[in-house]
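Summary of the model geometry
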Amino acid sequence: MTFTSAEPVAAEALDRAAGLMRERVKAAKLTDVEVTVEERRQITVAGPAESQESLKALGAPAELAFRPVLDQTPTEDKGRCRADVDASPSQPLTACGEQQDVLSTYELGPVAVPGTDVSDAAADVDAARGGGWFVTLEFTSAGAKKFADVTGRLARQTSPQNQFAIVLDGVVVSAPAVSSAITGGAAEISGDFTPQEAEELAANLDTGALPVRLRVSSVTTLPAGVG
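Notes on the structure in this doc start here. (Residues numbered from 1 in each chain as written. Predicted model: local features only at pLDDT ≥ 70, side-chain atom pairs only at ≥ 80, totals over all residues. Heavy atoms only, no water.)

Glancing now at the overall build of the protein. Helices and strands together make up the secondary structure of the protein, namely four helices and 14 strands. Its C-alpha radius of gyration of 18 Å places the protein within 12% of the 17 Å reference for a compact globule of 227 residues. Principal-axis analysis of the C-alpha atoms gives the protein an extent of 55 × 40 × 40 Å. Look at the contacts in the protein between residues 6 or more apart in sequence, and 69% of them connect residues 24 or more apart. When the accessible surface of the protein is summed, it comes to about 11800 Å², and 49% of that surface belongs to carbon and sulfur atoms. (Helix = DSSP H or I, 4+ residues; strand = E, 2+ residues; numbered from the N terminus. Rg over C-alpha atoms; globule rule 2.2 N^0.38 Å. Contact = heavy atoms within 4.5 Å. Areas by Shrake-Rupley, 256 points an atom, 1.4 Å probe, with all protein chains shown as cover.)

Shown next, in the form of structure tokens:
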């Protein structure tokens, strides 16, 4: 599978992206996968054919942000829900997300806690909730303070303005309501995750966002067991 940058970038940025993708391979526990930079203009990821979706996930931007919800409106038109991946952190954002099988359009405030304030991410399973998979997040000390401050403010609001949207690559993946300040320095992303999806998301968030935006331009696979 070959990834190319959506826009011209320096060779150093492409090398950095490839390095992060190799870290994601290890974190997601993928085997027989090789990441190389070719001709200083594209990244090739080779691996078993059955791992194609996992290989594609290696190139996800993984830009994470926490934004307060200003308004939420149910919508039935999925075609109108497009991620605004280039929105400035300091500006409001309109984004879509599906929670409990209900698709909504969210009006969001500026970023309150950026993804760079996440120090660790891990996939976990909750036997008490039917064995559902989720991703846990731990914040830096600065991120924990921001998270506690903003959740404390939101807890005093009425619905939907007491919600905190977790936005990944321009899409609302979760928008939980808060009833009090969350001071533990941790959060979680819940959803209808398979074990593989949870592991891949945790790996991408743990290694950080890619410095370039990539797109798949071709596919290269190897027979299983080749490495």
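Now, onward.
Here a ring pair, both rings aromatic, is described through the centre-centre distance and the interplanar angle of the planes. Overall, the coordinates contain five aromatic pairs when judged by the stated rule. Seen from their ring centres, F66 and F164 are 5.9 Å apart, and the 25° between their planes marks the pair as stacked. One end of the pair, F66, is in strand β4 (residues 64-74); the other, F164, is in strand β10 (residues 164-168), with 98 residues separating them in the sequence. Neither residue differs from the other here; F66 and F164 are each classed as buried. (Phe/Tyr/Trp six-rings, centres within 6.5 Å; stacked < 30°, edge-to-face > 60°. Buried < 20%, exposed > 50% of the residue type's maximum accessible area, 1.4 Å probe, protein only.)

With that settled, consider the sheet that holds strand β12 (residues 186-193). Strands sit in the order β8-β9-β12 across an open sheet of three strands; the sheet is antiparallel. Looking at which strands have only one partner, the edges of the open sheet turn out to be β8 (118-126) and β12. Strand-to-strand twist of the sheet, defined as the mean angle between neighbouring strand axes without regard to direction, takes the value 20°. Here β8 pairs with strand β9 (residues 132-139) via eight bridges, running antiparallel. Within β9, the residue paired with V125 across the bridge is W133. (Pairing = 2+ DSSP bridges. Axes fitted to C-alpha atoms, helices over the stretch in contact; angles between N-to-C directions.)

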